[in-house]
Amino acid sequence: MAGKSKTAKLIIGANEIELPIHSPSAGANVIDVTTLYNQAGVFTYDPGFTSTASCDSTITFIDGYKGELLHRGYPIDQLADKSHYLEVCFLLLYGYLPTGAELEDFEHRVTTHTMLHEQMMYFFRGFRRDAHPMAVMTGVVGAMSAFYHDSTDITDSWQREVASIRLIAKMPTIAAMAYKYTIGQPFVYPLNNLDYASNFLRMCFAVPAEEYQVNPILSRAMDRIFTLHADHEQNASTSTVRLASSSGANPFACIAAGIACLWGPAHGGANQACLEMLKEIGTVDRIPEYITRAKDKDDPFRLMGFGHRVYKNIDPRARVLKKSADEVLELLGIEDNPLLQVAKELENMALNDQYFIEKKLFPNVDFYSGIILEAMGFPTSMFTPIFAVSRTVGWISQWKEMIADPQVKIGRPRQLYLGETLRDYVDIENR
Ligand code: CMC
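For clarity, every value in this text was computed on a predicted model and none was experimentally measured.

(A) Highlighting the overall build of the protein chain. Summing up its helical and strand segments, the protein chain has 18 helices and six strands in all. Computed over C-alpha atoms, the radius of gyration of the protein chain comes to 23 Å, within 12% of the 22 Å expected from 2.2 N^0.38 for 431 residues, which places it in the range of a compact globule. With respect to the three principal axes, the spread of C-alpha positions in the protein chain is 80 × 65 × 55 Å. Each of the 431 residues in the protein chain was classed as buried or not, and the buried ones make up 47%. In the protein chain, the proportion of contacts linking residues at least 24 apart, taken out of those at least 6 apart, comes to 68%. Total accessible area on the protein chain is roughly 21300 Å²; 53% of this is exposed by carbon and sulfur atoms. The positive charge centre, built from 40 side chains, and the negative charge centre, built from 51, are 3 Å apart in the protein chain.

(B) The arrangement of the site of the ligand in detail. The environment of the ligand is made up of 22 residues, and the closest members are H267, L303, G305, R309 and K359. G305 is positioned with one of its backbone polar atoms (N or O) 2.8 Å from an oxygen atom of the ligand. Protein burial of the ligand: of its 940 Å² of free accessible surface, 75% is covered by the chains. The residue inventory of the shell around the ligand, partitioned by class, reads eleven nonpolar, six polar and five charged.

(C) Structural view of the layout of surface pockets. Quantified by volume, the second largest pocket comes out at close to 280 Å³. Around the second largest pocket, the lining comprises 19 residues; the ones closest to its centre are L86, L194, D195, Y196 and A197. Only α4 (100-111), α7 (157-183), α8 (196-205) and α9 (216-228) provide two or more residues apiece to the lining of the second largest pocket. Looking at the lining of the second largest pocket, the element that brings in the most residues is α8, giving four residues. Residue classes in the lining of the second largest pocket are distributed as nine nonpolar, six polar and four charged.

(D) The arrangement of the packing of helix α10 (residues 236-245) against helix α11 (residues 251-262) in detail. Put simply, α10 and α11 touch, their axes get as near as 8 Å, and they point 150° apart. What the angle tells us is that α10 and α11 run roughly antiparallel. By crossing handedness, the relation of α10 to α11 is classed as right-handed. Seen from α10, the contacting residues are A236, S237, T240, V241, A244 and S245; seen from α11, they are C254, I255, A257, G258, C261 and L262. Of the residues contributing to the contact of α10 with α11, the split by class is eight nonpolar, four polar and no charged.

(E) Up close: the pairing of strand β5 (residues 68-71). Pairing geometry for strand β4 (residues 60-63) and β5, over four bridges, is antiparallel. Bridging across to β5, D63 finds its partner in E68. With two bridges joining them, β5 and strand β6 (residues 74-75) adopt antiparallel strand pairing. Bridge pairing links L70 to P75 in β6.

(F) Here's a closer look at helix α12 (residues 270-281). Here α12 contains twelve residues, and its C-alpha end-to-end distance of 16 Å stays within 8% of the 16 Å for a straight helix at 1.5 Å per residue. Counting buried residues in α12 gives nine out of twelve residues, a clear majority hidden from the surface. One or two positions beyond α12, positive phi appears at G282, with a value near 75°.

(G) Spotlight on the packing of aromatic side chains. Evaluation of the coordinates by the stated rule reveals 20 aromatic pairs. Measuring from centroid to centroid gives 5.4 Å for Y85 and F226, while their planes differ by 50°, and the two rings are tilted. Pair noted here: Y85 is in helix α3 (residues 85-94) and F226 is in helix α9, with a separation of 141 residues, a long-range link. Relative to F378, the ring of F205 has its centre 4.8 Å away and its plane inclined at 50°; by these criteria the two rings are tilted. Of this pair, F205 sits in helix α8 while F378 sits in the loop between α17 (366-376) and α18 (383-404), and the two are 173 residues apart along the sequence. Classification of F205 by relative accessible area gives partly exposed; the value is 22%. A relative accessible area of 2% means that F378 is categorised as buried. Aromatic rings pair up to connect Y85, Y179, Y196, F200, F205, F226 and F378 into one cluster.

(H) Molecular detail of the packing of α9 against α17. Look at α9 against α17: their axes get within 11 Å of each other, and the N-to-C directions meet at 145°. For the crossing formed where α9 meets α17, the hand is left-handed. Between α9 and α17, the contacting residues are L218, A221, M222 and I225 on the first element and S369, I372, L373 and M376 on the second. A class-by-class count of the residues in the contact of α9 with α17 yields seven nonpolar, one polar and no charged.

About the cut-offs
- Residues numbered from 1 in each chain as written.
- Predicted model: local features only at pLDDT ≥ 70, side-chain atom pairs only at ≥ 80, totals over all residues.
- Heavy atoms only, no water.
- Helix = DSSP H or I, 4+ residues; strand = E, 2+ residues; numbered from the N terminus.
- Rg over C-alpha atoms; globule rule 2.2 N^0.38 Å.
- Buried < 20%, exposed > 50% of the residue type's maximum accessible area, 1.4 Å probe, protein only.
- Contact = heavy atoms within 4.5 Å.
- Areas by Shrake-Rupley, 256 points an atom, 1.4 Å probe, with all protein chains shown as cover.
- Lys, Arg positive; Asp, Glu negative; His and termini not counted.
- Charge placed at Lys NZ, Arg CZ, Asp CG, Glu CD.
- Near = heavy atom within 4 Å.
- Polar contact = N/O pair within 3.5 Å; in protein donor to acceptor, adjacent residues only side chain to side chain.
- Nonpolar A, V, L, I, M, F, W, Y, C, P; charged D, E, K, R; others polar.
- 1 Å grid on protein atoms, 1.4 Å probe; cavity = no way out; pocket = protein on both sides within 12 Å on 5 of 7 lines; lining within 4 Å.
- Points joined across faces, edges and corners; volume = space filled by probe spheres on them.
- Axes fitted to C-alpha atoms, helices over the stretch in contact; angles between N-to-C directions.
- Parallel < 35°, antiparallel > 145°, perpendicular 65-115°, else oblique.
- Left-handed = near helix turned anticlockwise from the far one by under 90°.
- Pairing = 2+ DSSP bridges.
- Expected span 1.5 Å × (residues − 1).
- Phe/Tyr/Trp six-rings, centres within 6.5 Å; stacked < 30°, edge-to-face > 60°.

Right, here's the structure in full:
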C-alpha cells in the first residue's frame, strides 16, 4: 500500500470522522473508507465503481486525460514498437523486462505448453457448430479445471505459476479450435518452431490439404494486436477475475468468468460491434445520419469504438492501431479499403462535433482493430476471442498479484436497499 500522509475529514451530523488518504506513485489520491462503517455506520455509494479504487496494484497505469497507458512504467507505444507480445507477458507477470536468457526460458515454457489434453477435443464436439466462439471459449476454459487438476491449488505458488503458463500457452489453441469448429474444419495442432502470433495464425488458417506459409507482415500485425490488448488495469473483466478469485476459486474458473464478462458489447464485444457498424454505415455520405443517431437521447444507438470510462483523450492503443491499419492494408494491397475510409471520416467528423468534444468521446482500441483483423481474414465473431487471448496475461498478472497479497479479502460490495421493509407473509387465498 502506498504512503499514508494526509487525512480527509468527513462530517456526518455532529460526527467528524477522519479517514486516511493514500498517495499513489501516479494518479489521484485515494481516500481509505475501509473503517467508515465501523466509525460512522454508513456505506459509500458508487454504482459502476466510477470513483472507487477496488485494490492496490503495481502492474498497469492509465492517465485518461493525457491518453497514457503504462505497463510497469513503460509506455504502450514503446512496447508496441520495440517489444513483442511474449516479452510484454513477462513484463506484466514478473514486473521487469527480461534478460535474453530469461526471455528464452519463458518463451520455451509457453511454447511447450500450447497443446491441449487430447480428451478436450471431445469436449468441443458437445457444442453446436453455429455457437459463437466466445461461448465455446467460456465453456472450454472453465473445463480446464477438470483436466489440469495439478494446477488448481491456489495456495501453492508453483501450481499458480504452472496454471499461468498453461493459460497463456493454451488460449490461442482454444480460440483457434473454437473457430475451426464453427467452420467445420479439422483442428490444427500448434507447431513449436513458430512464434506465438504465427502459431495462432497457422492454427486458424492452415488446412491439412495444403502447405501454409505464415505471412510475416500479418504475424507482426497479430503480435501488435495481442500486445496492445495485454492489460488495462481494473477494467470490467479484470475486476470480474479478481472478484471471482477472491472467493478462492481456481484460476481456470476465474479466467472463464473474465471471458464471459469480456464478451459484452460495452467491453471486448465492441470490436465486433464496431466493424458491423462500419459495414452498416457502408459509405462516407451516410456518416452524418449515424452521428445524429448517436447524439439522440431517444435512440439507443452509440458509436461503437468511441468513448471510454477512463480515457478522456484519444486511447493511445487506437493511435498505434490506426497506423497499423494503414500499414497492413497497404502491404496487403488493399489500401483503398472502403471500411477504412468510413472509419477515418467517421473519426474526423466525430472529433469535430460539439457533442463528442464536450463529452470527451474519442476513438478507443476497438475502433481500428476490427479493420485489421478483417483484412487478415478473421470473421467478426473471432474479434472478441482474439481480445480474450491477448487479455489472458493481464487477467493472470492481476490474479497473481491479488493472491500474493496477504491483505486480500473476499469481494463483497454493500448495497443501497430500496425494496420493501419487513412484512408478514400473506396466505395465497388472501392475496
Ligand atoms: N456514442 C454516443 N454517446 C456516447 C458514447 C458513444 N459511443 N459513449 C458514451 N456516450 C455518452 C453517453 O450517452 C453519456 O451521455 P450523457 O452524459 O448525456 O448521459 C456520456 O457520453 C457518458 O457515457 P457513459 O456511458 O456514462 O460512460 P461510461 O464510462 O459508463 O461508458 C463506455 C464507457 C465505453 C461503455 C461507453 O463510452 C460506450 O458504450 N462506448 C461504446 C462501446 C465501446 O466502444 N466499448 C469499448 C470500450 S474500449 C475496450 C474495452 O476496454 O473493452
